[in-house]
Each structure stands twice: as C-alpha cells, then as structure tokens.
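# Architecture at a glance
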Amino acid sequence: LSYMIPSAKSQPRKEYVWTDSKELKVCLVEDDSRDIVNVTVEWRIQRTPEELMNTIQPLVFGKFLAQAGMVAEKRIAERLSSAGIPVADVSYAYYDSQRSLEDEKFSVSVSVAPDHMVMALKTLAAVMAGIDAGDVREDEFQKTDREYIVAQEEAAGNLSGNTLK
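One numbering rule holds for all chains: residues counted from 1, following each sequence as written. Only residues with pLDDT of 70 or above have their local features reported here, since the model is predicted, and side-chain atom pairs are shown and tallied only from 80 upward, although totals for entire chains, interfaces and linings are computed over all residues. Only hydrogens and water are set aside when side-chain values are computed; all heavy atoms of the structure are taken into account.

In DSSP terms, a helix is any run of H or I states spanning at least four residues, a strand is any run of E spanning at least two, and both are numbered starting from the N terminus. By definition here, a helix of n residues has an expected span of 1.5 Å times n minus one. With 26 residues, helix 1 (residues 57-82) extends 38 Å from end C-alpha to end C-alpha; this agrees with the ideal 38 Å at 1.5 Å per step. Positive phi appears at Gly-84, one or two residues downstream of helix 1, with a value of about 80°.

For this analysis, a ring pair means two rings from Phe, Tyr or Trp (six-membered ring only for Trp) whose centres lie within 6.5 Å, classed as stacked if their planes differ by under 30 degrees, edge-to-face if by over 60, and tilted for the remaining angles. Inspection of every chain in the model, using the stated rule, returns four aromatic pairs. Arranged with centres 6.2 Å apart and planes meeting at 75°, the rings of Phe-61 and Tyr-94 form a pair that is edge-to-face. Residue Phe-61 is found in helix 1, and its partner Tyr-94 is found in strand 3 (residues 87-95); the two are separated by 33 residues along the sequence. Relative accessible area serves as the criterion here: at 30%, Phe-61 is assigned to the partly exposed category. Partly exposed describes any residue whose relative accessible area lies between the buried limit of under 20% and the exposed limit of over 50%, with all areas from a 1.4 Å probe on protein chains only and scaled to the type maximum. We classify Tyr-94 as buried; its relative accessible area is 14%. Residues Tyr-92 and Phe-106 carry aromatic rings whose centres are separated by 6.3 Å and whose planes lie at 35° to one another, so their mutual orientation is tilted. Here the residue Tyr-92 occupies a position in strand 3, and Phe-106 occupies one in strand 4 (residues 104-112), the gap between them amounting to 14 residues. The exposure class of Tyr-92 is partly exposed, given its relative accessible area of 25%.

Further remarks concern a nonpolar patch on the surface. Candidates for patches are residues over 30% relative accessible area with no salt bridge; among them, like charges are joined within 9 Å and nonpolar side chains (Val, Leu, Ile, Met, Phe, Trp, Tyr) within 5 Å. Surface accessibility in these figures is a Shrake-Rupley result with a 1.4 Å probe; residues are shielded only by whichever protein chains are displayed. Salt bridges are defined by distance alone: a side-chain nitrogen of Lys or Arg within 4 Å of a carboxyl oxygen of Asp or Glu. Residues Ile-56, Leu-59, Val-60, Phe-64 and Phe-141 make up a contiguous nonpolar surface patch of about 470 Å² in total accessible area. Within the element layout of this structure, Leu-59 appears in helix 1.

Further remarks concern the pattern of salt bridges. Scanning all chains against the criterion turns up eight salt bridges. In this structure, the salt-bridge partner of Asp-103 is Arg-44, at a minimum N-O distance of 2.0 Å. Taken together, the residues Asp-103 in the loop between strand 3 and strand 4 and Arg-44 in strand 2 (residues 36-45) connect sequence positions 59 residues apart. Of the residues examined, Asp-103 reaches a relative accessible area of 14% and is grouped as buried.

See below:
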C-alpha cells in the first residue's frame, strides 16, 4: 500500500501566513420560500500555531468562542423579541484550525422577515460590540459554561437524562 500512497512528508504543504485585518464579512441571503432573510456576520481569526495544536489552547479558545456565541444568541433573540420582531433563528458557528489550513472563522446569524433585516443587522452589531468590549456578566458566563458542558456531553452521547446544575 505504501507504494500507492505517497507519504505525508512528500506532499507539498501550503505555508500559512496570517494577514491582520479588522474587516468582517456581512452576508444577507434571502430565502423566498420561507419569506425570511438570513443576516450573517463573519470574523476571521488567526489560526492556532501548528506547535500549539496538540495542546489545550485550541480547546479552550473554542470553548470561549462557543460561550460568546451562546451569549450572542440569547441577547439577539431577547432584543429583537422585546422590539416586537419575530425571529426565525439565531445561531453561531466556529470553524477551527483543525478543519482547514486557512484562517479560523466565527460567525453569528439571525433569520428574520425581510422588512426587519436592517434592525436585525443593527442588533447583531450592537450585541457583538458589547461582547467585544467585555460586557458579559458573570451570571451569563456561568450559565453558558453549564450549557456548553451539557452540549458537549450530548454531542458525545454521554448524557443519561441527568442535567448539570
């Protein structure tokens, strides 16, 4: 078999180079079949250096981004709901260094009716600016910490009907 598959060392490897940028990507996707618009804001993040990939650093960084995403989901849903704007969905996603040789990415999305698109984008921006400025209360953080642990256990199939409190 080794005659048919070249070794990993013989494969040319694209060198990763981080280009610092404060840019973010905003996507507005209309779903005519459901009469909603999906508003997504995506940030690029420098990938974990290769020498740290086998350490706890990627795991801890991913956990904190997940918790920021959980806080964002709740805040966006609450603010839009209190403004009387129905929300079809709020979600976050994190694409880490283990998925590709490119930059890591973190995004937050909200789906609303097309006439509420601008308010959804403003709310998403305000919520993420607050989180970026460190405006996360201790009780919010503790709650997302428990939710993160439960979600990880569910994903691993280890939850037997008990919840952590």
